[in-house]
Amino acid sequence: MVRRLTISILAGLAPLAFSAAQAADYSPPPVYVPAPQVEEFAGGWYLRGDIGFSNQQVDSIWNSNYSGFSSVQNVDKSFDAAPFFGAGIGYNVNDWFRLDVTGEYRAKANFHGLDVGRLPDAYCISGPPCYASDRYTGSKSEWLFLLNGYVDLGTWSGFTPFVGAGIGTSRNTISSFADFSTCNDSSSCAGSGGSDAYAASASKWQFAWALYAGVGYKLTKNTTIEFAYRYVDLGNGQSGDVTRFDGTNNYNNPTEFRRLTSHDLKFGVRMNFDAFDTRPVYYAPPPAYAPPPPPAYQPPPVYPPLRSRG
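Along each chain, numbering runs from 1 in the same order as the chain's sequence is written. Two thresholds apply to this predicted model, a pLDDT of at least 70 for residue-level local features and 80 or more for giving and counting side-chain atom pairs, whereas whole-chain, interface and lining totals are computed over all residues. Each side-chain value is derived from all of the structure's non-hydrogen atoms; neither hydrogens nor water enter the calculation.

Draft legend 1. View of unusual backbone geometry. For S157, which is not glycine, the phi torsion reads 55° and is therefore positive. Secondary structure follows DSSP: runs of H or I at least 4 residues long count as helices, runs of E at least 2 residues long count as strands, and numbering of each begins at the N terminus. Positionally, S157 belongs in the loop between β6 (131–152) and β7 (159–184). Each residue's exposure class comes from its accessible area (1.4 Å probe, protein chains only) as a fraction of the maximum for that residue type: buried when under 20%, exposed when over 50%, partly exposed otherwise. Given a relative accessible area of 68%, S157 falls into the exposed group. In the Ramachandran plot, R259 falls in the positive-phi region, its phi being about 60° despite a non-glycine side chain. On the secondary structure map, R259 appears in strand β12 (residues 256–272). You can call R259 partly exposed: its relative accessible area is 35%.

The structure is reproduced here in structure tokens:
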């Protein structure tokens with residue numbers, strides 16, 4: 001009787017053991033975890049626009065008339081500040097180096113000049129020394145074209161400092177030039193206003209180069225604003241032929257502006273070409289994981305009835 005009861009219990013537990021064995025082989029489906037979103041480098045071509053103000057200087061002023069003086073001193077040779085406007089196209093070579101080509105119009109900056117020259121002693125009526133002074137007015141403007149290269153020095157909280165350099169050409173124009181002279185005890189111009197003069201506008205192309213230092217801030221993946229300082233050497237400039245107000249002009253004598261330079265402050269915007277791509281972006285769906293089928297039910301084994309020997 002005990003043996004029969006034991007066999008019946010074992011027969012009832014067999015299906016449970018079989019199901020537990022199959023359940024042990026079954027594992028839940030893996031959970032899909034999307035890959036982390038990594039910001040891509042916004043490489044390729046970009047457009048740029050710039051505005052700013054110039055602070056310009058000239059090393060010296062020269063006119064062939066100076067050869068008649070014993071010495072000449074440039075007392076004043078200053079320009080007013082003036083705005084400039086530029087645009088360009090560039091290319092991000094990698095995430096730290098970029099190139100661009102820019103064209104820029106630099107608006108007219110008013111010029112104020114004063115020269116004092118000592119005349120030869122033979123020209124002095126009351127005895128040496130005697131002097132003549134020339135006060136200049138006029139304006140200067142340029143068209144500036146540069147090929148620039150920049151090195152980005154790293155990014156912190158969206159801010160990227162950079163340095164750069166550029167080479168190119170500048171078309172320097174001197175316009176509205178006038179020369180008002182004053183003589184002091186000189187027989188060469190005593191009592192005469194005929195030494196006052198003017199000149200027509202004139203332009204000349206010159207080699208130009210520039211140095212940059214600034215910082216950019218990334219507003220979006222495709223848009224960066226920047227503030228920069230630029231030192232630019234514009235070469236030389238000259239007026240047209242200087243003619244006296246009384247109409248006399250004995251020889252060609254344009255006034256030369258030797259070595260024009262400028263300290264510029266500029267604000268710019270760079271926009272990557274990706275910003276203009278309006279095509280829809282498609283992303284591959286995550287892989288689907290189908291759970292394995294549930295274990296098939298297996299009926300318990302059937303055992304023949306036990307018969308007692310008694």
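Still to come is the rest of the account.
Draft legend 2. Structural view of the pairing of β12. A pair of strands counts as paired when DSSP detects no fewer than two bridges linking them. Looking at chain direction, strand β1 (residues 44–54) and β12 are connected through eight bridges and run antiparallel. Following the sheet pairing, F53 is matched in β12 by L265. As defined by bridge partners, strand β2 (residues 56–62) adjoins β12 across six bridges and the pair is classed as antiparallel. Note on β12: the bridge partner recorded for Q57 is T261. With 14 bridges joining them, strand β10 (residues 223–238) and β12 adopt antiparallel strand pairing. Pairing of E226 across the sheet is with G268, part of β12.

Draft legend 3. Focus on the packing of aromatic side chains. Any two of the Phe, Tyr and Trp rings considered here, Trp counted by its six-membered ring, make a pair once their centres fall within 6.5 Å; the pair's planes then place it as stacked at under 30 degrees, edge-to-face at over 60, or tilted in between. Across all of its chains, the model carries 16 aromatic pairs by this definition. Measuring from centroid to centroid gives 5.0 Å for F111 and F257, while their planes differ by 75°, and the two rings are edge-to-face. Here F111, found in strand β5 (residues 97–118), pairs with F257, found in strand β12; they are 146 residues apart in sequence, far enough to count as distant. By relative accessible area, F257 is classed as buried at 2%. With centroids separated by 5.1 Å and ring planes inclined at 50°, the aromatic side chains of F227 and F267 adopt a geometry described as tilted. Here F227, found in strand β10, pairs with F267, found in strand β12; they are 40 residues apart in sequence, far enough to count as distant. The exposure class of F227 is partly exposed, given its relative accessible area of 47%. A residue is classified by how much of its surface remains accessible, and F267, at 30% relative accessible area, is partly exposed. Ring-pair connections join several aromatic residues into one group, and the members of that group are F79, F111, Y136, F177 and F257. A ring is scored as having a charge over it whenever the NZ atom of a lysine or the CZ atom of an arginine sits within 6 Å of its centre and within 35 degrees of its normal. For R98, the ring lying beneath its charged end belongs to Y150, and the centroid distance is 4.4 Å.

Draft legend 4. Here's a closer look at empty space enclosed by the protein. Throughout, the protein atoms alone are placed on a 1 Å grid, and a set of points is a cavity if a 1.4 Å probe fits but cannot get out or a pocket if it is open with protein on both sides within 12 Å along at least five of seven lines; lining residues have an atom within 4 Å of a point. Grid points are joined across faces, edges and corners, and a volume is the space filled by probe spheres set on the points. Taken as a whole and judged by the stated rule, the model has one cavity of 30 Å³ or more. One number sums up the size of the largest cavity: a volume of about 60 Å³. Sorting the residues of the lining of the largest cavity by element identifies β1, β4 (82–92), β5 and β6 as the ones contributing at least two each. Per element, the largest residue contribution to the lining of the largest cavity is three residues, and it comes from β5. Note on residue classes: Ala, Val, Leu, Ile, Met, Phe, Trp, Tyr, Cys and Pro are nonpolar, Asp, Glu, Lys and Arg are charged, and everything else, Gly too, is polar. Of the residues contributing to the lining of the largest cavity, the split by class is three nonpolar, four polar and five charged.

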